[in-house]
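A structural walkthrough
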Amino acid sequence: MATRYRLVLLTCLFLLAACSHNQPQKESKLALLKTTNPNPVMTDKTKSSNRVDEIKKDVSALPELYDVAVVKGKKDTLVVYKVKHLHRFKMKKIEKNVNKMLEEKYPKENFTVSSDYKIFLETIRLDERMNSAKFSQQEAEKRFKKIVKMTEDLK
């Protein structure tokens, strides 16, 4: 009897695991649990993205950070990152260092820097929406401004 019970339980677990294997999942659903490493995004697609790629590379090079998202709007640049677990006690210092490094290296840019998970998640969702055909550049810029406003409200 115990052998049959184990066999039925094992079969059920196997079927459940097999059914969920090929389910497509949005990146934003797993953004808080794993490293997503999103590509830099620009709300104005008529401009070159070289500077945004450089910003992402510079911020990603910091050893305390493990996931960085950069969004360039018309006027502002949003840099959102996740801090490694052992460095979370120094988050204010890390944010200050990131801001200082960016201001020194790119003095003409206006940066908004955040390590908040909610802002990171909203940035990933903006990236996903911009990849869809229905989302226009005006809507992207409007959503970008709301995210920047959220970062200012959290401070």
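Before going into details, it helps to say that this report is about the structure given with it. (Residues numbered from 1 in each chain as written. Predicted model: local features only at pLDDT ≥ 70, side-chain atom pairs only at ≥ 80, totals over all residues. Heavy atoms only, no water.)

1. A word on the packing of helix α4 (residues 117–131) against helix α5 (residues 137–154)
Following both chains from N to C, one finds α4 and α5 inclined at 180°, their axes separated by 10 Å at the closest point. Relative to α5, the element α4 is oriented roughly antiparallel. Facing Lys 118, Ile 119, Glu 122, Thr 123, Leu 126, Arg 129 and Met 130 of α4, the residues of α5 in contact are Ala 140, Arg 143, Phe 144, Ile 147, Met 150, Thr 151 and Leu 154. Along the lines of polarity and charge, the residues of the contact of α4 with α5 split into eight nonpolar, two polar and four charged. (Axes fitted to C-alpha atoms, helices over the stretch in contact; angles between N-to-C directions. Helix = DSSP H or I, 4+ residues; strand = E, 2+ residues; numbered from the N terminus. Parallel < 35°, antiparallel > 145°, perpendicular 65-115°, else oblique. Contact = heavy atoms within 4.5 Å. Nonpolar A, V, L, I, M, F, W, Y, C, P; charged D, E, K, R; others polar.)

2. Some thoughts on α5
Structural remark: α-helix, 3.6 residues per turn; residues separated by three or four positions point the same way. The end-to-end C-alpha distance of α5, which contains 18 residues, comes to 26 Å, matching closely the 26 Å that a straight helix rising 1.5 Å per residue would cover. Listed in full, the buried residues belonging to α5 are Ala 140, Glu 141, Arg 143, Phe 144, Ile 147, Val 148 and Thr 151. Projection of α5 onto a plane perpendicular to its axis shows the buried side chains occupying an angular sector of 165°, all on one side. Residues of α5 that are exposed and point more than 90 degrees away from the buried face comprise Gln 138, Lys 142, Lys 145, Glu 152 and Asp 153. Elements in contact with the buried residues of α5: β2 (65–72), β3 (76–83), β4 (110–114) and α4. (Expected span 1.5 Å × (residues − 1). Buried < 20%, exposed > 50% of the residue type's maximum accessible area, 1.4 Å probe, protein only. Arc of directions from axis to C-beta.)

3. Looking at the nonpolar core
The biggest cluster of nonpolar side chains holds 17 residues, and the ones touching the most others in it are Ile 55, Leu 65, Val 79, Tyr 81 and Leu 102. The set of elements that each furnish at least two residues to this core consists of α2 (50–60), β2, β3, α3 (91–105) and β4. Per element, the largest residue contribution to this core is four residues, and it comes from α3. In contact with Leu 102, not counting residues within four places along its chain, are Ile 55, Val 59, Val 79, Phe 111 and Val 113. Val 41, Ala 69, Val 80 and Phe 144 belong to the second-largest nonpolar core, a separate cluster that totals 14 residues. (Core = buried A, V, L, I, M, F, W, Y, C linked by side-chain atoms within 4.5 Å.)

4. Overview of the sheet that holds strand β1 (residues 41–42)
In space, the four strands of this open sheet follow the order β1-β2-β3-β4, with mixed pairing throughout. The open sheet has two free edges, formed respectively by β1 and β4, since each of these has just one partner strand. Sheet topology note: the β3/β4 ladder contains five bridges and is parallel. Its bridge partner lying in β4, Thr 77 is registered against Phe 111. (Pairing = 2+ DSSP bridges.)

5. Quick word on the pairing of β3
Most of β3 is tucked away, with seven of its eight residues classed as buried. Where β2 and β3 come together, seven bridges link them in antiparallel fashion. Pairing of Ala 69 across the sheet is with Val 80, part of β3. Hairpin geometry of β2 and β3 is characterised by an intervening segment of three residues between the two adjacent antiparallel strands. Taking the sense of rotation as the criterion, the β-α-β connection linking β3, α3 and β4 turns out right-handed. (Right-handed = clockwise from strand over helix to strand, strands pointing away.)

6. Details of the pattern of salt bridges
Applying the stated criterion across every chain, the model contains six salt bridges. Note that Asp 58 is salt-bridged to Lys 105, the shortest N-O span being 3.2 Å. Placement of the pair is Asp 58 in helix α2 and Lys 105 in helix α3, with a sequence separation of 47 residues. You can call Asp 58 buried: its relative accessible area is 16%. According to the relative accessible area criterion, Lys 105 is partly exposed, its value standing at 47%. Close ionic contact of Asp 67 with Lys 82 constitutes a salt bridge, the shortest N to O distance being 3.4 Å. (Salt bridge = Lys/Arg side-chain N within 4 Å of Asp/Glu carboxyl O.)

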